[in-house]
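The primary structure of each chain is shown beneath.
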Amino acid sequence: MKVIPRAARVYIGCALLGAGACVLPALRPGATVPWATVALLAALYALCELPAPRRLIGRVLGRSLPLGPGSFFPVLLAAALLLPPAAAALTAVPGSLLARVEEPPAAPRRAWRAAAAALAVWAAALTADVLGGPTALGRGPDAPDLPYALLPAGAAALAFCLVLTALDGGIRATVCGLPPRAAWRGLLGRSLTPHTVHGLAGLMMAVLWRSTYGPVAALFVLLPMYISCWVFAQYHRERAAHQATIRALVQAVDIKDRYTRGHSERVGQASVLIARELGMAEDRLDVVRFAGILHDVGKLGVPTRVLTKDGPLTPEERRVIELHPEYGHEMVRGIGFLGEARAAILHHHERMDGSGYPYGLHGEQIPEFARVVAVADAFDAMTSTRSYSRARPVPTALAELERCAGTQFDPRMVTALVQALDRHGWQPAVTADETLPGPSGGNVPPPREVEPGPVGAGPAEAAVTADGAARRAGADAPPAGRPKERA
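Residues numbered from 1 in each chain as written. Predicted model: local features only at pLDDT ≥ 70, side-chain atom pairs only at ≥ 80, totals over all residues. Heavy atoms only, no water.

Undergrad: In this structure, what is going on with the overall build of the chain? I would like to understand it.
TA: When helices and strands are counted, the chain shows 22 helices and zero strands. Expressed as a percentage of the 487 residues in the chain, the buried residues total 48%. Counting only carbon and sulfur atoms, one obtains 63% of the accessible surface of the chain, whose full area is about 23000 Å². (Helix = DSSP H or I, 4+ residues; strand = E, 2+ residues; numbered from the N terminus. Buried < 20%, exposed > 50% of the residue type's maximum accessible area, 1.4 Å probe, protein only. Areas by Shrake-Rupley, 256 points an atom, 1.4 Å probe, with all protein chains shown as cover.)

Undergrad: Explain empty space enclosed by the protein to me, please; I cannot follow it from the model alone.
TA: To locate leftover empty space, one rolls a probe as large as a water molecule over the atoms. Under the defined criterion, the tally for this structure stands at two cavities of 30 Å³ or more. By volume, the largest cavity is sized at about 50 Å³. For the lining of the largest cavity, the residue count by class is six nonpolar, two polar and four charged. (1 Å grid on protein atoms, 1.4 Å probe; cavity = no way out; pocket = protein on both sides within 12 Å on 5 of 7 lines; lining within 4 Å. Points joined across faces, edges and corners; volume = space filled by probe spheres on them. Nonpolar A, V, L, I, M, F, W, Y, C, P; charged D, E, K, R; others polar.)

Undergrad: What am I meant to see in a nonpolar patch on the surface here?
TA: A surface patch of nonpolar side chains, amounting to about 310 Å² of accessible area, comprises L158, L162, L188 and L192. Of all the secondary-structure elements, those providing two or more residues to the nonpolar patch are helix 8 (150-176) and helix 10 (187-210). Within the secondary structure, L158 sits in helix 8. Residue classification places L158 among the partly exposed positions, given a relative accessible area of 41%. (Patch = residues over 30% accessible without salt bridge, like charges linked within 9 Å, V, L, I, M, F, W, Y side chains within 5 Å. Salt bridge = Lys/Arg side-chain N within 4 Å of Asp/Glu carboxyl O.)

Undergrad: Where do I start with the environment of P215 in this structure?
TA: Structurally, P215 can be placed in helix 11 (residues 215-219). Taking C-alpha positions, P215 is 8.7 Å from L40, a pair spaced 175 residues apart along the chain.

Undergrad: Just to check I follow, could you spell out the environment of A166 for this structure?
TA: The residue A166 is located in helix 8 in this model. Between the alpha carbons of A166 and L188 there is a distance of 8.6 Å; along the sequence they are 22 residues apart. Contacts of A166, omitting those with residues within four sequence positions, involve Y11 and W184. (Contact = heavy atoms within 4.5 Å.)

Undergrad: Explain the nonpolar core to me, please; I cannot follow it from the model alone.
TA: Proteins that are soluble and globular tend to have nonpolar side chains buried together. Of all hydrophobic cores here, the largest spans 57 residues; its most connected members are L81, L83, F160 and M205. Sorting the residues of this core by element identifies helix 1 (6-27), helix 2 (35-49), helix 4 (73-82), helix 5 (85-98), helix 6 (106-130), helix 8 and helix 10 as the ones contributing at least two each. Setting aside residues up to four positions removed in sequence, L83 forms contacts with P34, T37, V38, L41, A88, T91 and A125. One finds I246, V250, V272 and L401 within the second-largest nonpolar core, a separate group that totals 50 residues. (Core = buried A, V, L, I, M, F, W, Y, C linked by side-chain atoms within 4.5 Å.)

Undergrad: I'm lost on the pattern of salt bridges in this one. Help?
TA: One side chain can pair with another of opposite charge once the charged atoms of both are near each other. If you walk through the whole model with that rule in mind, you get 12 salt bridges. Among the salt bridges present, the one from R423 reaches E277, with a minimum N-O distance of 2.7 Å. Pair noted here: R423 is in helix 21 (residues 411-424) and E277 is in helix 13 (residues 263-277), with a separation of 146 residues, a long-range link. Between E368 and R412 there is a salt bridge, with its nearest N and O atoms 3.4 Å apart. Note that E368 is positioned in helix 19 (residues 368-383) and R412 in helix 21, a separation of 44 residues in sequence.

Undergrad: What am I meant to see in unusual backbone geometry here?
TA: Residues L146 and P147 are joined by a peptide bond in cis, for which omega reads 10°. The residue P147 is located in the loop between helix 7 (133-136) and helix 8 in this model. Between Y357 and the following residue, P358, the backbone shows a cis peptide bond with an omega angle of 10°. Within the secondary structure, P358 sits in the loop between helix 18 (341-347) and helix 19.

Undergrad: Teacher, can you tell me more about helix 2 here?
TA: Given 3.6 residues to a turn, an α-helix orients residues that are three or four positions apart in the same direction. With 15 residues, helix 2 extends 21 Å between its outermost C-alpha atoms, agreeing within 8% with the 21 Å of an ideal straight helix rising 1.5 Å per residue. Of all the positions in helix 2, only T37, V38, L41, A42, L44, Y45, A46, C48 and E49 are classed as buried. (Expected span 1.5 Å × (residues − 1).)

Undergrad: I tried to follow the packing of aromatic side chains on my own but got confused; where do I start?
TA: For any pair of aromatic rings, geometry is given as the distance between the ring centres together with the angle between the planes. By the definition in use, this model includes four aromatic pairs. With a centroid separation of 5.5 Å and an interplanar angle of 40°, the aromatic rings of Y11 and W112 are classed as tilted. Here W112 lies in helix 6 and Y11 lies in helix 1, a separation of 101 residues in the sequence. The buried category is assigned to W112, whose relative accessible area is 11%. Note on F379 and W426: the rings are 5.2 Å apart at their centroids and 75° apart in plane angle, and the pair reads as edge-to-face. Of this pair, F379 sits in helix 19 while W426 sits in the loop between helix 21 and helix 22 (466-475), placing them 47 residues apart in sequence. The same class applies to F379 as to W426, namely buried. (Phe/Tyr/Trp six-rings, centres within 6.5 Å; stacked < 30°, edge-to-face > 60°.)

Undergrad: Even after reading the chapter, I still don't get the confidence of the model for the chain, so can you show me in this structure?
TA: Caution applies to low-pLDDT regions: their predicted coordinates should not be interpreted in detail. Summing up the model confidence of the chain, the mean pLDDT is 79 and the portion of residues at 70 or higher is 80%. pLDDT under 50 marks residues 430-487. Its contacts with residues more than four places away, or in other chains, come to 146 contacts. (pLDDT = per-residue confidence, 0-100.)

Undergrad: Can you walk me through the packing of helix 4 against helix 5 in this structure?
TA: Packed helix pairs are characterised by how far apart their axes lie and by the angle those axes make with each other. Orientation of helix 4 relative to helix 5, taken along the N-to-C sense of each, is 160°, at an axis distance of 8 Å. Comparing the axis directions of helix 4 and helix 5 gives the class roughly antiparallel. Between helix 4 and helix 5 lies a crossing whose hand is right-handed. Contacts from L76, A79 and A80 of helix 4 reach helix 5 at A88, T91 and A92. (Axes fitted to C-alpha atoms, helices over the stretch in contact; angles between N-to-C directions. Parallel < 35°, antiparallel > 145°, perpendicular 65-115°, else oblique. Left-handed = near helix turned anticlockwise from the far one by under 90°.)

Undergrad: What am I meant to see in the side chain of S96 here?
TA: One can find S96 in helix 5. Using a relative accessible area of 3% as the deciding quantity, one classes S96 as buried. Of note is the side chain of S96, whose polar atom sits 2.7 Å from the backbone oxygen of A92. (Polar contact = N/O pair within 3.5 Å; in protein donor to acceptor, adjacent residues only side chain to side chain.)

Undergrad: Looking at this structure, how should I read the side chain of D377?
TA: Inspection of the secondary structure assignment puts D377 in helix 19. D377 gets classed as buried once you look at its relative accessible area, which sits at 1%. Side-chain polar atoms of D377 contact the side chain of H263, separated by 2.9 Å.

Undergrad: Even after reading the chapter, I still don't get helix 20 (residues 394-403), so can you show me in this structure?
TA: Where helix 20 is concerned, the buried positions are A397, L398, E400 and L401. Along the long axis of helix 20, the arc covered by the buried residues comes to 160°, so they all point the same way. (Arc of directions from axis to C-beta.)

Shown next as structure tokens:
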């Protein structure tokens, strides 16, 4: 059982005291409270949060319900629009206490959840009441005052979101010992959109509740709400599966060829910079990032002895290396969500003048994503520190890319990278296999300078010069006599 820190216990106690103060006016003798509405809404929220009904519906549908805490907040926001603040706060308590708790200790977690929900609903109801929300809803045959009713509903949803976010950040800070800035970072941004949607659904429930059709009609709002939650959860599950697939492939490449560890992620980062500068649609940015991250996946099909061989490669070994784009394309061919990224993996070593591989495409025949990744790949190869060469300054690398634009690289992509770096800069992370020079140098000798090789040398013989670096980036291999990096 996890021990709750003393600071967290005090924080939860204060929240419980605050929630008690909020609901107390509704419990005083003589208080005017529409208990029938309170009971119906509290029972409805509790029923939605109970695990048993979810399991029953899941068995009927043949799948589990992908709903988490907060999926039925529209019920609470409808209560905030229909009831006085103290009575609205009461509707959140039974469901919060009965909802399933994933981790022990259960009692403090339930108490905390009930207190936070009660405080948030109270704040939402008070905000709506100040803005005339109950009056704007209409009653019976009286039509609601639209669009004005959107104002108190939206303000109530915002108050609900702000209070929950503030309380959640506080509990993270006290339980996990996080600094305040880290505890609250990102909470509001992640919560604002869902709670806005919940507010609109709550408004629909409240309007139908007050209409001549009564509370039964309001229940139908929960059906589209559930469907939207299910679709949203399915989307996130699918996205998480995609990310796990990409991560597993990249880790496999990094394990096999430790000399390029981190290279794939940086190529993905640079590819997104180029694509965004070109004005590509947001839905394509993820795909081009996948293309950059996975451009080296074909190395899994290259024998390790070839990848890690010291010294020059034989012509046969070079031909094996040049098959890695085709290996990579074959590996990811069946992964449908990669889309255009598959063509980029196959063609990222093609050159604009047609002298690249595997098919010798030239110019516009080369897929757009492949031209993006080619520039990103070469840029990172020249600006990354490796055990066999020092990183080149970004201006030197960009100058070399510009010099090779039109022959090896697409000039549009090179220009886009230059403009993106002018705008955003470039701060690549240092990976585990990269060494930074320290005051004493440690036990690692500095990288050795390598004499220039012949112009047009192959992957293993390419020189570490401004000219050779860009040529080497086409195959992303180190100079002779050092372990090789393959793109």
